[in-house]
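One-letter residues, chain by chain:
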Amino acid sequence: MMSALFTWTVVMPVKVLAEAKSRLAAFAGELRPSLALAFASDTVSAVLTCPGVARVLVVTSDSQAGPSLAGLGACVVPDSPDRGLNAGLSFGAAEASKRWPDSGTAALTADLPALRPEELDRALRAAAGLGADGKTTASFVPDAAGVGTTMYAVPPSGEFTPKFGGASRRRHASTGALELPLGGIDGLRRDVDTPEDLRAALALGTGSRTTALAAELLSRLDGRPR
């Protein structure tokens, strides 16, 4: 257990696969939904082996992603608000709070295929420390570009107000959430939206599903035979 006080429920939103990762459309072609699912599957697999995480709650209405991620061990709830990323995260957090009120809640993007369990563990330990004195301070981890956010965490009973999307680093800070000043968490910060992001993630070392599918896609891009 990461903290003597509480463990974490990680809430992950997964978009309908046919609509996911639009900036990878030209690169991935007809395999874009499969690539999005590979990202999510590798992320879920890493999170589930993190010592401080009690469970993963996936919010999705995709008919393929839901069963696939449930098969890996995630709890899955439908994205019933269906009003976008932050509404879905808030819905998932509310569901987590009802089911597991003594857990902290951490929102994590579903496109972190190079995530290492120990990186997430470090970040959640730091986030838990912010609640050790009875306060309920939210915290976050910025993405590799320093503009967005890949993780947002709130100790039990804290106010969960996610501001993902676009320049979310600034918006999360404006709510009073504290940025976690951690080094050595490159996989946690490396979300994937573009082919360049994917190459950077592969250089860090991605999970098996992403690695296998990316090899085929990159061989096409580089003009090499399969």
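Keep in mind that what you see is a predicted model, and the values were worked out from it rather than measured. (Residues numbered from 1 in each chain as written. Predicted model: local features only at pLDDT ≥ 70, side-chain atom pairs only at ≥ 80, totals over all residues. Heavy atoms only, no water.)

For the rest of this paragraph, the subject is the layout of surface pockets. In this structure, the largest pocket occupies an estimated 1,000 Å³ of space. Among the elements of the structure, helix H2 (32–48), helix H4 (85–99) and strand E4 (104–108) are those that each provide at least two residues to the lining of the largest pocket. Residue composition of the lining of the largest pocket, grouped by class: 17 nonpolar, 12 polar and 12 charged. As a volume, the second largest pocket reaches approximately 160 Å³. Along its surface, the second largest pocket is lined by 14 residues, and Ala93, Ser97, Thr105, Ser157 and Gly158 are the ones closest to its centre. Looking at the lining of the second largest pocket, the element that brings in the most residues is H4, giving 4 residues. (1 Å grid on protein atoms, 1.4 Å probe; cavity = no way out; pocket = protein on both sides within 12 Å on 5 of 7 lines; lining within 4 Å. Points joined across faces, edges and corners; volume = space filled by probe spheres on them. Helix = DSSP H or I, 4+ residues; strand = E, 2+ residues; numbered from the N terminus. Nonpolar A, V, L, I, M, F, W, Y, C, P; charged D, E, K, R; others polar.)

Tracing the backbone shows Gly92 in helix H4. Residue Gly92 is classed as buried on the basis of its relative accessible area, which comes to 0%. Residues Gly92 and Thr105 lie 13 residues apart in sequence; the distance between their C-alpha atoms is 9.5 Å. For Gly92, the contacting residues outside a window of four places in its chain are Val11, Leu57 and Val59. (Buried < 20%, exposed > 50% of the residue type's maximum accessible area, 1.4 Å probe, protein only. Contact = heavy atoms within 4.5 Å.)

Alternating positions in strand E5 (residues 139–142) separate into two faces, Ser139 and Val141 on one and Phe140 and Pro142 on the other, with burial throughout. Summarising the sheet, E5 and strand E6 (residues 149–154) pair through 4 bridges and their orientation is antiparallel. Each bridged residue has a counterpart across the sheet, and for Val141 the counterpart in E6 is Met151. Hairpin geometry of E5 and E6 is characterised by an intervening segment of 6 residues between the two adjacent antiparallel strands and by a positive phi of about 80° at Gly146. As paired elements, E5 and strand E7 (residues 178–179) share 2 bridges and run parallel to each other. For Ser139, the partnering residue across the bridge sits in E7 and is Leu178. (Pairing = 2+ DSSP bridges.)

A word on H4. With 15 residues, H4 should cover 21 Å at 1.5 Å per step; its first-to-last C-alpha distance of 21 Å lies within 8% of that length. The set of residues buried in H4 consists of Gly88, Leu89, Gly92, Ala93, Glu95 and Ala96. End-on, the buried residues of H4 take up no more than an arc of 160°, which puts them together on one face. Here the buried face of H4 lies against strand E1 (8–13), strand E2 (53–59), strand E3 (75–77) and E4. (Expected span 1.5 Å × (residues − 1). Arc of directions from axis to C-beta.)

Moving on, we come to the nonpolar core. In this structure, Leu108, Leu120, Met151 and Leu188 are the most contacted members of the largest nonpolar core, which totals 36 residues. Contributions of two or more residues to this core are made by E1, H2, E2, helix H3 (65–72), E4, helix H5 (117–129) and E6. The greatest single-element share of this core, amounting to 6 residues, is contributed by H2. When sequence neighbours within four positions are dropped, the list of residues in contact with Leu120 reads Val47, Cys50, Val53, Leu108, Leu115, Met151 and Leu188. (Core = buried A, V, L, I, M, F, W, Y, C linked by side-chain atoms within 4.5 Å.)

This next bit is on the pattern of salt bridges. For the coordinates displayed, the defined rule picks out 8 salt bridges. Salt-bridge contacts for Asp193 lead to Lys21; the nearest nitrogen and oxygen are separated by 2.7 Å. One end of the pair, Asp193, is in the loop between helix H7 (186–189) and helix H8 (195–204); the other, Lys21, is in the loop between E1 and helix H1 (25–28), and 172 residues separate them in sequence. The closest approach of N and O atoms between Asp121 and Arg125, which form a salt bridge, is 3.2 Å. One end of the pair, Asp121, and the other, Arg125, are both in helix H5, 4 residues apart, so they sit about a helical turn from each other. Residue class for Arg125 comes out partly exposed when judged on its relative accessible area of 45%. Salt bridges sharing common partners tie together Lys21, Asp111 and Asp193. (Salt bridge = Lys/Arg side-chain N within 4 Å of Asp/Glu carboxyl O.)

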